[in-house]
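Here's the letter readout for the chains.
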Amino acid sequence: MSLYDDAVLVLKGYEDQEDLRQYYLDHLAAHPDDGMWKACTDGHVTASALVIDPSRGRVLLTLHKKLRMWLQMGGHCEPGDPTLAAAALREATEESGVPGLTLLTGGPVRLDRHPIPGPCTQHLDVQYAALAPSGATEAISDESLDLRWFAYDEVADVADTSVVRLVEATRAKL
């Protein structure tokens with residue numbers, strides 16, 4: 001099964017955010033060859049994961065180098081990614097430096113469509129949650145200016161509403 005096919009199946013099985021879910025499916029139907037890839041200037045599907053440590057009531061956010069915003073880990077799908085979940089886990093592991101992350105079961109936590117600087121117009125982000133193992137230690141990547149753990153109630157002070165909604169949705173699934 002291709003990554004495109006996996007994305008369609010994941011989105012068809014996702015039961016929340018009906019209008020946005022349908023927008024993603026329509027986008028993929030209109031872009032069967034490039035809708036998963038950065039080269040698609042009409043937008044493309046991305047995969048991200050909120051790294052969470054429920055035992056300590058905190059999440060790990062990255063200060064994104066280009067956007068200069070505190071965000072969850074994530075980014076573009078790559079040709080070697082077999083599934084959206086694998087892409088999200090790969091991105092979370094690469095950007096956090098935390099080995100042994102595991103995705104929260106049940107598939108994506110949220111969808112988030114957001115504009116980005118050109119030439120592409122938008123990211124159609126499929127957002128997962130990744131559980132940090134006990135005693136996890138982060139290591140900054142070259143994609144980040146900083147990495148930092150934030151208590152749940154601190155996230156709204158540093159991040160935009162999309163990240164706040166992702167934290168809320170993740171906590172509701174725990």
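The preceding data block contains the structure.
Residues numbered from 1 in each chain as written. Predicted model: local features only at pLDDT ≥ 70, side-chain atom pairs only at ≥ 80, totals over all residues. Heavy atoms only, no water.

A closer look at helix α2 (residues 18–30)
At step 1: Spanning 13 residues, α2 covers 18 Å between terminal C-alpha atoms, matching the ideal 18 Å at 1.5 Å per step.
At step 2: Of all the positions in α2, only Leu 20, Arg 21, Tyr 24, Leu 25, His 27 and Leu 28 are classed as buried. End-on, the buried residues of α2 take up no more than an arc of 160°, which puts them together on one face. Pointing more than 90 degrees away from the buried face of α2 are the exposed residues Asp 19, Ala 29 and Ala 30.
At step 3: Those residues of α2 that are buried lie in contact with α1 (3–13), β1 (44–53), β6 (110–115) and β7 (122–131). (Helix = DSSP H or I, 4+ residues; strand = E, 2+ residues; numbered from the N terminus. Expected span 1.5 Å × (residues − 1). Buried < 20%, exposed > 50% of the residue type's maximum accessible area, 1.4 Å probe, protein only. Arc of directions from axis to C-beta. Contact = heavy atoms within 4.5 Å.)

Points about the nonpolar core
Soluble globular proteins: nonpolar side chains tend toward being buried together.
At step 1: In this structure, Met 36, Val 51, Leu 84 and Val 126 are the most contacted members of the largest nonpolar core, which totals 33 residues.
At step 2: The element best represented in this core is α1, accounting for five residues.
At step 3: Leave out the neighbours within four places in its chain, and Val 51 touches Arg 58, Val 59, Leu 60, Met 73, Ala 92, Ser 96, Leu 101, Ala 130, Ala 132 and Trp 149.
At step 4: Core analysis: the second largest hydrophobic core is formed by 19 residues, Leu 50, Val 155, Val 163 and Ala 169 among them. (Core = buried A, V, L, I, M, F, W, Y, C linked by side-chain atoms within 4.5 Å.)

Focus: the environment of Val 163
At step 1: Position of Val 163 among the secondary structure elements: in helix α5 (residues 161–173).
At step 2: Considering only alpha carbons, one finds Val 163 and Asp 112, 51 residues apart in sequence, at a separation of 9.4 Å.

Focus: the environment of Asp 19
At step 1: Among the structural elements, Asp 19 can be located in helix α2.
At step 2: For the pair Asp 19 and Ser 55, spaced 36 residues apart in the sequence, the C-alpha separation amounts to 34 Å.

Overview of the side chain of Ser 144
At step 1: Take Ser 144: it is sitting in strand β8 (residues 144–151).
At step 2: Here the side chain of Ser 144 touches Thr 62 through a polar contact of 2.4 Å, side chain to side chain.
At step 3: Ignoring any residue separated from it by four or fewer positions in sequence, one finds Ser 144 in contact with Thr 62, Leu 63, Lys 65 and Glu 95. (Polar contact = N/O pair within 3.5 Å; in protein donor to acceptor, adjacent residues only side chain to side chain.)

Observations concerning the pattern of salt bridges
At step 1: The tally for this structure, following the rule as stated, stands at seven salt bridges.
At step 2: A salt bridge links Arg 58 to Asp 53; the shortest N-O distance between them is 3.1 Å. By the burial criterion, Arg 58 is buried, and Asp 53 matches it.
At step 3: Here the salt bridges do not stand alone but share partners, grouping Glu 78, Asp 81, Arg 90, Glu 91 and Glu 94 into one network. (Salt bridge = Lys/Arg side-chain N within 4 Å of Asp/Glu carboxyl O.)

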